[in-house]
Amino acid sequence: MDKIKIHGGRVLEGKIFISGAKNAALPLICASLLTDETVTLTNMPMLSDIKAMNLLLEQLGTQISEFDDFVDGHATKTYSYRTKSIKSLVAPYDYVRKMRASYYVLGPLLARYGKCELSLPGGCAIGARPMDIHLSSLEKMGAKIEIRNGYIYAESDGRLKGTHIIFPGVSVGATCNVLMAAVLAEGRTVLENAAKEPEIGDLARMLNDMGAKIEGIGTSVLTIDGVSSLHGTVHKVIADRIEAGSYAVAAAITRGRIELINARPETLRQPLQVLKDMGVRIAETDNSIIVDAKGCHLVGKDIMTEPFPGFPTDLQAQFLALMLTADGASMVTETIFENRFMHVPELLRMGANINVHGHASAIVRGVKKLSGAPVMATDLRASFALVLAGLVAEGETTVNRVYHLDRGYEKLEEKLKGVGADIVRIKNDEED
Ligand code: EPZ
């Protein structure tokens, strides 16, 4: 397995181009199943999760074409998806096991073909992550759902029926899945307590461009008037707010200055405010955010994760690493997932001072220095937190299990090297 080696201590300076958002692209790819026309997605990030989703759609019968493209002078990918006829309505265990987001095929397949068999995703490194909200909502729309032998069998007798759904908890995945089902349902669906993450807005806007009738985009109440068919479209994936937030922390933790090209400040209000409160200078231009921590003395700040527009759980690990380099104590509270402090034991091995209380909160105290060590993490964002710690640690840090990073950070070493980091990937088969 590949490893990443970092020699800490460099002050990062320069520009980083922010890629298209993984968590927007994954449901957008699945939304292409809702039409027999071509859906073209531009500004697609080159990530292993995108490849995994493409493989799943190909086995369902989607024809996919890949093109090299440029967005603002930066190399990206464009993919075209066309599902003229379906070969299979099954999302098998081997696909879902590798990538939970495979469950985004459920809503579209049920809506267009009246049937879907989906391997039930299990828990994962960050929590139990059930699908009860997705399933009970689809049942309210008339789907018959059974769970047997580890699979969800969902069927609908004719079109799904529009109805009024009040989600019992805020779920990004359930909101996307039910939204994709509702656009082809008969009549009006109202979704209350819907998640408001920018990735959902991106999905809803593309669906409207395909002929759907969705109102309330960006709010917690979505009203959808079902239509009988959708058409193709060309859509540019929004910039990845979590990637942008992660590199903002890279600037802050090394007391450097990075301009995040294409980042969208309106999707990052809370994290940017936390950085400002800690003492980092933030400026916004037409197409970028400038994060400047040169010469700054940072102070700790409490954070608590919440659904958007609150502080994102996907930036908790990175900010926790940053708090280690700030003065004083910071309380980090995780309210979305029940097991999202798996980076802490590894950071402790690098000399961190962190006390985790139960599963929900951690007290982080600033330390004089971190020291390099071999480390590994169990998920994507935790792995990035270890990279961040490595950037300021004394000596060498080796981050193992790089496949986590490859799921969500496009050209990670290239981007960090471009702003001055001493970072290198050691390929599995290379001499170490
Ligand atoms: C999405 O996961 C993201 N994944 C996650 O990104 C992100 O951490 C999460 O939203 C929260 O923002 C993708 O977009 C592909 P949820 P999702 O449904 O949709 C509970 C990353 O690093 N819940 O909003 O699975 C659930 O257990 C990641 O890129 C139920 O109880 O998250 C959790 O505690 C990882 N029943 C909470 O709701 C359900 O039916 C929020 O989960 C559904 C969810």
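Remember, it's a predicted structure, so these values are computed and weren't measured experimentally.

**Observations regarding the site of the ligand**
And then number 1: The local shell around the ligand holds 21 residues, among which Asp-132, Ser-171, Val-172, Asp-314 and Ile-336 are the closest.
And then number 2: Here an oxygen atom of the ligand and a side-chain polar atom of Ser-171 are 2.6 Å apart.
And then number 3: Take Gly-173: an N or O atom from its main chain is 2.8 Å from an oxygen atom of the ligand.
And then number 4: When the ligand sits alone it has 830 Å² of accessible area, and the protein chains cover 85% of it.
And then number 5: Only helix 1 (22-31), helix 5 (132-140), helix 6 (172-182) and helix 12 (380-392) provide two or more residues apiece to the shell around the ligand.
And then number 6: Ranked by residues supplied to the shell around the ligand, first place goes to helix 5 with 3 residues.

**With respect to the packing of helix 8 (residues 241-253) against helix 10 (residues 316-323)**
And then number 1: Two numbers describe how helix 8 lies on helix 10: the axes approach to 10 Å, and their chain directions differ by 5°. Taken together, the axes of helix 8 and helix 10 are roughly parallel relative to one another. Residues Ile-242, Gly-245, Ser-246, Val-249, Ala-252 and Ile-253 of helix 8 form the contact with helix 10, whose own contacting residues are Gln-318, Phe-319, Ala-321 and Leu-322.
And then number 2: Taken together, the residues that form the contact of helix 8 with helix 10 break down as 7 nonpolar, 3 polar and no charged.

**Describing helix 4 (residues 106-113)**
And then number 1: Helix 4 sits mainly inside the fold: 6 of its 8 residues count as buried.
And then number 2: Among the residues making up helix 4, those that are buried are Leu-106, Gly-107, Pro-108, Leu-109, Leu-110 and Ala-111.
And then number 3: Directly beyond the C-terminal end of helix 4, a positive phi value near 75° is found at Gly-114.

**Quick look at the side chain of His-343**
And then number 1: Residue position: His-343 is located in the loop between strand 19 (329-333) and helix 11 (344-349).
And then number 2: Setting aside anything within four residues of it in sequence, one finds His-343 in contact with Gln-316, Ala-317, Leu-320, Ala-382 and Leu-386.

**Concerning the sheet that holds strand 15 (residues 257-261)**
Each strand in a sheet pairs with another by means of backbone hydrogen bonds, the pair being arranged parallel or else antiparallel.
And then number 1: Pairing is mixed in the open sheet, where 4 strands are placed in the order 2-15-17-16. Each having just a single partner strand, strand 2 (13-17) and strand 16 (281-284) make up the two edges of the open sheet. The average angle at which neighbouring strand axes cross in this sheet is 15°, direction not considered.
And then number 2: Bridge count between strand 15 and strand 17 (residues 288-292): 5 bridges; the pairing is antiparallel. Each bridged residue has a counterpart across the sheet, and for Ile-261 the counterpart in strand 17 is Ser-288.
And then number 3: Sitting on the sheet, helix 8 is in contact with strand 2, strand 15 and strand 17, with an inclination near 165° to strand 15.
And then number 4: In the packing of helix 9 (residues 269-278) onto the sheet, the strands contacted are strand 16 and strand 17, and the crossing angle to strand 16 comes to about 140°.

**Comments concerning the environment of Gly-107**
And then number 1: Within the secondary structure layout, Gly-107 lies in helix 4.
And then number 2: Since its relative accessible area comes to 0%, Gly-107 is described here as buried.
And then number 3: Setting aside residues up to four positions removed in sequence, Gly-107 forms contacts with Asn-177 and Ala-181.

**Concerning the pairing of strand 13 (residues 221-225)**
And then number 1: Pairing of strand 11 (residues 188-192) with strand 13 involves 5 bridges; the strand directions are antiparallel. Considered in strand 13, the bridge of Arg-188 is made with Asp-225.
And then number 2: By the bridge criterion, 3 bridges tie strand 12 (residues 213-215) to strand 13 in an arrangement that is antiparallel. Its bridge partner being in strand 13, Ile-214 is matched across the sheet by Ile-224.
And then number 3: Linking strand 12 to strand 13, which pair antiparallel, is a turn of 5 residues; within it Gly-216 sits at a positive phi near 90°.

Basis of the calculations
Residues numbered from 1 in each chain as written. Predicted model: local features only at pLDDT ≥ 70, side-chain atom pairs only at ≥ 80, totals over all residues. Heavy atoms only, no water. Near = heavy atom within 4 Å. Polar contact = N/O pair within 3.5 Å; in protein donor to acceptor, adjacent residues only side chain to side chain. Areas by Shrake-Rupley, 256 points an atom, 1.4 Å probe, with all protein chains shown as cover. Helix = DSSP H or I, 4+ residues; strand = E, 2+ residues; numbered from the N terminus. Axes fitted to C-alpha atoms, helices over the stretch in contact; angles between N-to-C directions. Parallel < 35°, antiparallel > 145°, perpendicular 65-115°, else oblique. Contact = heavy atoms within 4.5 Å. Nonpolar A, V, L, I, M, F, W, Y, C, P; charged D, E, K, R; others polar. Buried < 20%, exposed > 50% of the residue type's maximum accessible area, 1.4 Å probe, protein only. Pairing = 2+ DSSP bridges.

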